[in-house]
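Chain residues, written in single-letter form:
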Amino acid sequence: MRGMCFGLVIVLLAGILNVGKAEIYIVTVEGEPVISYKGGIDGFEATASESDEKIDTTSELVTSYAQHLEKKHDMLLALLFDRGTYKKIYSYHHLINGFATHISHEQAEILRQAPGVKSVERDWKVRRLTTHTPQFLGLPTGVWPTGGGFDRAGEDIVIGFVDSGIYPHHPSFSSHNTEPYGPLPKYRGKCEVDPNTKKDYCNGKIIGAQHFAEAAKAAGAFNPTIDYDSPIDGDGHGSHTAAIAAGNNGIPVRMHGFEFGRASGMAPRARIAVYKALYRLFGGFVADVVAAIEQAVRDGVDILNLSVGPNSPPATTKTTFLNPFDATLLSAVKAGVFVAQAAGNGGPFPKTLLSYSPWIVSVAAAVDDRRYKNHLTLGNGKILPGIGLSPSTHPNRTFTMVAANDVLLDSSVTKYSPADCQRPEVLNKNLVEGNILLCGYSFNFVVGTASIKKVAETAKALGAAGFVLAVENASPGTKFDPVPVSIPGILITDASQSMELVDYYNITTSRDWTGRVKSFKSTGSIGNGLRPILHKSAPQVAIFSARGPNIKDYSFQDADLLKPDILAPGSLIWAAWAPNGTDEANFCGEGFALISGTSMAAPHIAGIAALIKQHHPHWSPAAIKSALMTTSSTIDRAERPLQAQQYSGSETMTLVPATPFDYGSGHVNPRAALDPGLIFNAGYQDYLGFLCTVPGIDPHEIKNFTHSPCNYTLGHPSNFNSPSIAVAHLVGTRTVTRTVINVAEEETYVITARMAPEIAIETNPPAMTLRHGASRKFTVTLTVRSVTGAYSFGEVLLKGSRGHKVRIPVVAAGYDR
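The residue numbers shown here count from 1 along each chain, following its written sequence. Thresholds applied to this predicted model are a pLDDT of at least 70 for local features of residues and 80 or more for the giving and counting of side-chain atom pairs; totals over whole chains, interfaces and linings are not thresholded and use all residues. Hydrogens and waters are ignored; side-chain quantities use all the structure's heavy atoms.

(A) Region of the structure containing the sheet that holds strand E37 (residues 759-764). Two strands pair under a simple rule: DSSP has to find at least two bridges between them. Put simply, DSSP H or I for four residues or longer makes a helix, DSSP E for two residues or longer makes a strand, and each gets a number counted from the N terminus. Strand order in the open sheet formed by 4 strands is E33-E35-E39-E37, and the pairing between neighbours is antiparallel. In the strand order of this sheet, the two ends are held by strand E33 (678-679) and E37, each with one partner. Bridge analysis of E37 against strand E39 (residues 775-784) gives 6 bridges, and the strand direction is antiparallel. If you follow Asn764 over to E39, its bridge partner there is Thr779.

(B) Geometry of the state of the cysteines. Cysteine sulfur atoms that come within 2.5 Å of each other are treated as a disulfide pair. Taken as a whole and judged by the stated rule, the model has 3 disulfides. At a sulfur-sulfur separation of 1.8 Å, the disulfide partner of Cys191 is Cys202. Because the torsion about its S-S bond is -95°, the bridge between Cys191 and Cys202 counts as left-handed. Placement of Cys191 in the loop between strand E6 (158-163) and strand E7 (206-211) and of Cys202 in the loop between E6 and E7 is noted, with a sequence separation of 11 residues between them. Disulfide pairing is shown between Cys692 and Cys710; the S-S distance is 2.0 Å. The disulfide joining Cys692 to Cys710 has a torsion of about -80° about its S-S bond and is therefore left-handed.

(C) Region of interest: the confidence of the model for the protein. On average, residues of the protein carry a pLDDT of 86, and 90% of them reach 70 or more. Ranking the elements of the protein by mean pLDDT puts helix H2 (residues 8-17) last, at 28, and E33 first, at 98. What pLDDT expresses is the predictor's confidence in each residue, scored from 0 to 100. Two residues qualify as a contact provided that any one of their heavy atoms is within 4.5 Å of a heavy atom in the partner residue. Low pLDDT, under 50, characterises residues 1-20; the predicted model gives this stretch 35 contacts beyond four residues in sequence or across chains. Contacts of residues 130-134 to residues separated by more than four positions or lying in other chains number 30 contacts, the stretch itself having pLDDT below 50.

Have a look at this one:
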C-alpha cells in the first residue's frame, strides 16, 4: 500500500510540466442558455420557466435548443481555426452558453476579438477544501421523527456531489440492509459502467455516477492509473463528504479492532448522485467542475454539495460574484437547486473566504463537543498531555523508553531520517522489543511523506510496547488531529512538553565516551485515548475555518454582503473513506477516516437542507437558506456566546469571542430550521438586482454572464433580501429594507434590535401581524455615532407570539465620508 500512498508527486508533476503552449480557456458567447432562453429564434420555442423552478431537460424543446447552441459553438471554432489546431472539450448550454477549449494564447486572442464572443477566460484550478454529529445536532430525536424516522429521513431527495467520486462498495452507501429504493422518475442522471467489472456504480442508494476529466486530460495533469478514468474515488474525499450528508444510518466505525461509534449521514435515506471532477494531486479544473454542475442540474438534483473552491480569488473578472463558476451556480439556483459550498480553510485570518455570492450557502466549520485526549506518564511522575486514539499500555506497569536514534542497526542509515520511525528495517528489534519507542515529528510529516500510521506499523513490527511521537518545533498554525492506531501511541504536540520528555530521557540514559547508550533507564506509560471527552464549550469556530469580511472584487474591497452564512461541524468528523484513497496518509487503506475542514461542514448543511426540502418540497433555495440561517444559534452548550479559535502570539491557540465574520448567522439548529416561522425569500431577479447595484460592476459584464440587462436596482447592495445585513462603509444614516413571508400560522411579531454603541440601530414598524402566506416589509436604520472605521456587530430579532424567533445578524463599519 505504501507505494500507492507516497511518491506519487513526481510522477504527476512530470505530466503537468510537460504541457505545451496550449491551455484551457472557458469561452462564453452571445445567446441565452436553456435556463433563461425566452424565445425569439425561428424554430426554437422558449425553454425558460416563468418562475425559478425546474425545467424538464428531456423535453424536445430543450434538447433541440441545446443542440442548436452546440452546433453554433462548433461552427465558431471551425470558422476561426484549422482542424487539428484546437480541441473543444465541453459545450455548456444549460446554465451558461459557451464552451471549454484547448487552444494557444494567440488563438485565445483571436477568439476574444470574434463577433458574438462575450468572454474568454483561462481555466483556473480548484481544490478540495460522522459518528457523533447527528447526535450533537439533535437529529435522531428532534428531526428524523418528523420525516418518518431515520429510515425515511431525506426520502426521494437527490443530493449531487461535485467531488472526487465515490467508493460504491462501502457499507455507508450499500442498499443491502435497507428497504429497497424505488425508481425516481424526476432524476434523469446516468450510471457509468466500470470498465473492468462491466457493472455500473449505482445501487438505488447511489442513483447516478459520472466523471468529468476532459480538461484535466487536455492539460496533461490526468494519470489514469491513479486518478481512475471512472467515478471511483481515488482520493477518499468524495466518499467522506457523501457519507456525511447522506450515508446510511448506524454503520459501525471499526478500525484496528476498536469501534468508534456508529456513523450516519444527516439525511440517511437521501439519494446520492456523483459527479467526479476532482482528482488526487492536482485538485480539479474549473472547466470540468462547470461541466459537472451543468450535468447535475440537467439531471435533476435537488441539492448540490461543493466541498470545493478556487485556490485563490480568480482574478480574471473584476468582481468575485461574476465568473463562469459563480455564474453557473446562479443558474443552478434559478433551476431550483440549493447549493452548499465550503467557505475555505484559510482561517483564522480575515478575508480568507473562497465562497462569495448571495445565491450560495457558504459554510464555516465548527469544533463540536467531542475531543480525544491522551497522556504519557513519565517515571519521574510528570504527566505530559498529548493526542492519540490508542489503547493504553498494560495497566499498573511502566516500560523502558528507547529513542529511535539510539537503536539504529548501522550508523549509515541516518540518511533515511530514522527518527521518523517510518522504516522498521533500520532499527534494532532486540533493543526495541517490549519497550516504548520514541520518535521525532519532522517536516516529513507535514509534507505527507511520513505518517503516524506508519510509525504505529514500525513500532508493531519491532514488537514495541507502544510509541511516542514528539513535536520539538512546529510552525504556527500546524494542525494536529488524532489518528487511530492499533497499539499504544501518543503524539506530544506541545514543544515545551516534548522538551521535558527529551530532558528526562537524556538525564536517565547513560552513554559511553562515543555517545553510544550503555543503559536505558527512562520509563513511562501511555494512557487510554480511545474514549472521547464531551465538552460543554462547544461548538467553537475551528481555527482553520475561513473568515470574513466578504470581498466584492480582487483588490479585496469589502462587500455589503455577510459571509460565511452559517456554521456546521467540520472538525474531526468520522465518515466513510475509499480504501485506495490517498488524500490523508494516515488513513491509507482504511474504510473510515477522521478528518477536518470546511469540506466536512458543507455536507452537514447539504444533508440538513435535504431534510428541509423533504418537509417543504416547494420551498426555493433561498427559503431553505433563510430557514437555516434565522434559526441558528450564537450560544454554546454552556449557554455562553460562541467562541472562535484564534492564534495568540506566534503559535499558541486561544479562544476569543466569535463574530458574524466567523460564524455568519450562527451554528445550525436543524430542528428549529424545519419550522422557522418567517422566511426571507429571493429569486433570480433579486440576485440580478443585487449584482446591478454593486458599485464598480460593469453592466456589460453582468449581461455577459446572466444574459439579462440591468433594468432595475435595489438602490444599495445591502437592500438585497438576505437574512443578514452588512454595510461595509456606513456614512451618516442608512435605511435598509427587508421582506418576510409567514410560512406558519397567523402570528404577531415584535421587532427589536441591538447594536454595539458606535452605531445606533432602529427598526420600523415595532410589531406586525401576518397571516399564513402573507408578506410584510420592515426597515432597519443604522446611524454612525462614533467614527471608527472598524466593524460593529448587532442583530435584529423578530419574536413571534406563538414562540417563533427569527434572528438576523447585522455588521456595519462607520466612516465620516
